[in-house]
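Below are the chains, spelled out letter by letter.
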2 protein chains.
Amino acid sequence: MAKRIEGVLSPVVTPFKRDLTPDPERYVRHCKWLLAHGCAGLAVFGTNSEANSLSVDERMMLLEALVQGGVPAAKLMPGTGMCALTDSVRLTAHAVKLGCAGVLMLPPFYYKGVSDEGLYRNFAEVIERVADPRLQVYLYHIPPVAQVPISLALIERLLKAYPGAVAGIKDSSGDWNNTKAVLEAFGKSGFDVFAGSEVFLLPNMRAGGKGCITATGNVNPAAINRVYENWKGTDADALQAGITATRAIVQKYPMMAALKAIIAHFARDPDWATVRPPLVELTPEQQRSLALELTSSGFEMPGLAG
Amino acid sequence: MAKRIEGVLSPVVTPFKRDLTPDPERYVRHCKWLLAHGCAGLAVFGTNSEANSLSVDERMMLLEALVQGGVPAAKLMPGTGMCALTDSVRLTAHAVKLGCAGVLMLPPFYYKGVSDEGLYRNFAEVIERVADPRLQVYLYHIPPVAQVPISLALIERLLKAYPGAVAGIKDSSGDWNNTKAVLEAFGKSGFDVFAGSEVFLLPNMRAGGKGCITATGNVNPAAINRVYENWKGTDADALQAGITATRAIVQKYPMMAALKAIIAHFARDPDWATVRPPLVELTPEQQRSLALELTSSGFEMPGLAG
């Protein structure tokens, strides 16, 4: 088994052309920039990737474009958890076949209040049907959006049944107490815990976690990676304060539209701001004030503009 | 323009074989039984159909199986609203091409707290891209599950922009005050309001609505249709009390598993009880007590057992 990804992962934003079709060329370019500027891996097709605004075929096309474009599959952790079991199986098998390091799996998120038994069956069916020893599943706990949580009892049951396949979790609950509880329960069982925001990166590393998978990794990967690289250092808290402050600026705006607006600004490529419905771009006024505030804070994205 | 469907519609439950693949044969048979026993139309691929547990290809295969199996497309109102715009367009265009009476469209339901502007763009893009004068869109308002509501302001804007295409709504809010507000605002503009449960069928008819689209229409269509047919009659309230009482029995159990268990029982076909994860079948004990309570109440499904 290859060594698992640790460090800073970005849920890569998905560029669209003006007609709202995905743009593989900008996508490959941004992924390479991220890997060159601090990302250890790319959690493509995450929440901030507008992944659920893409069809299964669009995701598969984009993933193949990345690999063909020279992004190493060993750096990729695509989101493959769908509402439909058959879609999750198809995407997961495709990712494993391409050699991806792992997959990040949302629970099926349409029905609310479903039982752990039903969620267990969902993940178990995917693992059984994909039936590939290379499969590494990272569970995606994001109750504020999916509204379907992944409980400690569910993790325990999955880890017991599939110790080789269940590799870790992204905790996007925004609740450090939950992350801590997961770390305490499973952190020493080869279960890799990633904070869902860089705000919790330092606490996560100090408690035995493996890094973070964070939206703002799309624009601020180098600084976030410095916290990861120096978490044992004397300046760790100061570095953490810096990335938390940058996130606070971005978070004043709707996150996905803001990330794309930042890339559009620093890449001098206005079309990057395009989002698919139901999301909406920032207004020109919002774009200006976000760029101004970031620039004033010393923020930059070196090498982004072609 | 053909006359629109009015009356009782069933969000048809989707039968699965033991290997969890959809079963077109049982599906066609159940759809024909529903149309022969009181359903004016079939809202296939609704919430209670486990539609979001099906891939796009599985939905298209099942819809074609219905039409090829002799279910009139003019009676069909398939669910075609997906998280991904491209999926919604593909399913909607497919349904229109097959001659379906209309489509029932969920808003994209992954992101929460999205703006009316973003939802408007989603529906508008689907209507513009399908670009077929036969398209009749019924909006699907089900905030308890989708968690993304369809506001009165959104309906107003869509009706104004696409008066020929925006045909009505299924209101599954469970909140009669919302249904009433929609009826008062748009009920006289050729906007057809369907209650999302037969519990509100009589009030909906009295306030200018066009019927109901209800889960229990899968098992109790004749009695529900009697309320629809006799809503002006002196015994309407008594008939309504009857169907409300039957629903109360079913609602003691998880709805979709219960509906399938009822069909399995009265069709003497145990495999009908199969559900896809994340749903879970009723326990044998639950199945027995549900069947017993229904039978004791005088409930029956004539002609279901082959």
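Higher on the page you've got the structure.
As a starting point, this report considers the structure included with it. What you see is a predicted model; the values in this text were computed from it and never measured.

The rules behind the values
Residues numbered from 1 in each chain as written. Chains lettered and ligands numbered in written order. Predicted model: local features only at pLDDT ≥ 70, side-chain atom pairs only at ≥ 80, totals over all residues. Heavy atoms only, no water. Helix = DSSP H or I, 4+ residues; strand = E, 2+ residues; numbered from the N terminus. Buried < 20%, exposed > 50% of the residue type's maximum accessible area, 1.4 Å probe, protein only. Contact = heavy atoms within 4.5 Å. Areas by Shrake-Rupley, 256 points an atom, 1.4 Å probe, with all protein chains shown as cover. Lys, Arg positive; Asp, Glu negative; His and termini not counted. Charge placed at Lys NZ, Arg CZ, Asp CG, Glu CD. Arc of directions from axis to C-beta. Polar contact = N/O pair within 3.5 Å; in protein donor to acceptor, adjacent residues only side chain to side chain. Pairing = 2+ DSSP bridges. Right-handed = clockwise from strand over helix to strand, strands pointing away. Core = buried A, V, L, I, M, F, W, Y, C linked by side-chain atoms within 4.5 Å. Least-squares fit on C-alpha atoms with pLDDT ≥ 70 in both.

Details of the overall build of chain A
- Summing up its helical and strand segments, chain A has twelve helices and seven strands in all.
- Within chain A, buried positions represent 60% of all 306 residues.
- Taking all contacts inside chain A whose residues are at least 6 apart in sequence as the whole, residues at least 24 apart take part in 73%.
- Just so you have it, chain A exposes about 11,300 Å², and 54% of that area is on carbon and sulfur atoms.
- Seen as two clouds, the 30 positive and the 29 negative side-chain charges of chain A have centres 2 Å apart.

Some words on helix H7 (residues 176-186) of chain B
Residues and elements named next belong to chain B.
- Within H7, burial applies to Asn178, Thr179, Val182, Leu183 and Phe186. Buried residues in H7, looked at end-on, bunch into an arc of 135°, giving them a common side. Pointing more than 90 degrees away from the buried face of H7 are the exposed residues Asn177 and Glu184.
- For H7, the N-terminal cap is aspartate 175; the gap from its side-chain oxygen to the backbone nitrogen of asparagine 177 is 3.0 Å.

Structural notes on the sheet that holds strand S2 (residues 41-42) of chain A
Residue and element names in this part refer to chain A.
- Taken in spatial order, the seven strands of this open sheet run S2-S1-S7-S6-S5-S4-S3, and their pairing is parallel. The open sheet has two free edges, formed respectively by S2 and strand S3 (103-105), since each of these has just one partner strand.
- Relative to strand S7 (residues 211-213), strand S1 (residues 7-10) is paired through three bridges, and the arrangement is parallel. Paired with leucine 9 across the two strands is isoleucine 213, which belongs to S7.

Thoughts on the side chain of threonine 246 of chain A
Residue and element names in this part refer to chain A.
- For threonine 246, the location among the structural elements is in helix H10 (residues 236-250).
- On the basis of relative accessibility, which here comes to 14%, the residue threonine 246 falls in the buried class.
- Filtering out sequence-adjacent residues up to four positions away, threonine 246 remains in contact with Asn220, Leu294 and Phe299.

Here's the deal with the pairing of S1 of chain A
All names here are of chain A.
- Of the pairings in the sheet, the one linking S1 to S2 comprises two bridges and is parallel in character. Bridge pairing in S2 links serine 10 to leucine 42.
- With helix H1 (residues 24-36) bridging S1 and the parallel S2, this β-α-β connection has right-handed handedness.

Focus: the environment of asparagine 225 of chain A
Residues and elements named next belong to chain A.
- Tracing the backbone shows asparagine 225 in helix H9 (residues 221-229).
- Here asparagine 225 falls in the buried class, since its relative accessible area comes to 15%.
- Taking the C-alpha atoms as reference points, asparagine 225 and isoleucine 243, 18 residues apart in sequence, are found 9.8 Å from one another.
- The contact partners of asparagine 225, leaving out residues within four places of it in the chain, are Val8 and Gly38.

Here we look at the side chain of glutamate 50 of chain A
- For glutamate 50 of chain A, the location among the structural elements is in the loop between S2 and helix H2 (56-68).
- The class of glutamate 50 of chain A is buried, set by a relative accessible area of 1%.
- Those residues in contact with glutamate 50 of chain A, other than ones at most four positions away along the chain, are Thr14, Phe16, Met256, Lys260, Val275, Arg276 and Leu279 of chain A together with Tyr111 of chain B.

A word on the nonpolar core
- If you look at the biggest cluster of nonpolar residues, it comprises 194 residues, and the most contacted ones within it are Val44, Leu139 and Phe191 of chain A together with Val44, Leu139 and Phe191 of chain B.
- Once residues within four sequence positions are removed from consideration, phenylalanine 191 of chain B is found in contact with Leu139, Ile155, Leu159, Val166, Ala167, Gly168, Ile169, Val182 and Phe186 of chain B.

Re the relation of the copies chain A and chain B
- The transform that puts chain A on chain B rotates by 180° and translates by 0.0 Å along the axis, for an RMSD of 0.0 Å. In symmetry terms, the pair is related by a two-fold rotation axis. Considering only C-alpha atoms, the part of chain A nearest the rotation axis is tyrosine 110 of chain A, at 4.0 Å.
- When the interface residues of chain A are mapped onto chain B, 100% of them again fall at the interface, so both copies present the same face.

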